[in-house]
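Examination of the molecular architecture
What follows is the residue order along each chain.
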Amino acid sequence: MDFTELVSAAQQAATKAYVPYSHYPVGAAALTHDGRLITGCNVENASYGLTLCAECGLVSSLIASGGGRLVKFTCVNGVGEIITPCGRCRQLLLEFGGKTLQVLTAQGECTLEDLLPQSFGDDDLDQYATKTGE
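Residues numbered from 1 in each chain as written. Predicted model: local features only at pLDDT ≥ 70, side-chain atom pairs only at ≥ 80, totals over all residues. Heavy atoms only, no water.

1. Some details on the pattern of salt bridges
We apply this condition: In what follows, salt bridge is the name for a side-chain nitrogen of Lys or Arg lying within 4 Å of a carboxyl oxygen of Asp or Glu. Burial classes: relative accessible area under 20% of the type maximum marks a residue as buried, over 50% as exposed, and values in between as partly exposed (1.4 Å probe, protein chains only). Put simply, DSSP H or I for four residues or longer makes a helix, DSSP E for two residues or longer makes a strand, and each gets a number counted from the N terminus.
Enumeration according to the criterion identifies 2 salt bridges in this entry. Among the salt bridges present, the one from arginine 36 reaches aspartate 34, with a minimum N-O distance of 3.0 Å. Here aspartate 34 falls in the partly exposed class, since its relative accessible area comes to 45%. Two residues, lysine 99 and aspartate 123, come together in a salt bridge whose shortest N-O distance is 3.9 Å. Taken together, the residues span a long stretch of sequence, with lysine 99 in the loop between α3 (87-97) and β5 (102-105) and aspartate 123 in helix α5 (residues 122-132) at a distance of 24 residues. Taking the relative accessible area as the measure of exposure, aspartate 123 reaches 32% and is therefore partly exposed.

Dropping the structure here:
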């Protein structure tokens, strides 16, 4: 599956976003290691702090459909423009796609490591546990 198909799926997901406050729909789409297409959209809440990003919905769909690893990812706004995930969502994507996750941004294709250099992840926890014997 190429990024053209992912962009189309993300655009479709954005049409389902619940955005009565910001009026800024976001759709996300990813390909898993075993070929599944996963999508998500943002869901706002009147308290704002409880708003769920499209990437959160995507990861929930990943887990609900059997888990696995993300290998390609993109997200779009409500007019179909490719956008870049925020820092919080980059960290979430790191957990489920790792540093080698291929991400399509408005500037082109890159790895998640390019978007989140010097990231903190499960390997840091493993290294600490090794050093401390925990």
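That was the structure; now back to the text.
2. Observations concerning unusual backbone geometry
With phi around 60°, histidine 23 is a residue other than glycine that occupies positive phi space. Looking at the secondary structure, you find histidine 23 in the loop between α1 (3-14) and β1 (26-32). Phi at tyrosine 48 takes a positive value of approximately 60°, unusual for a residue other than glycine. For tyrosine 48, the position within the fold is in the loop between β2 (37-41) and α2 (54-64).

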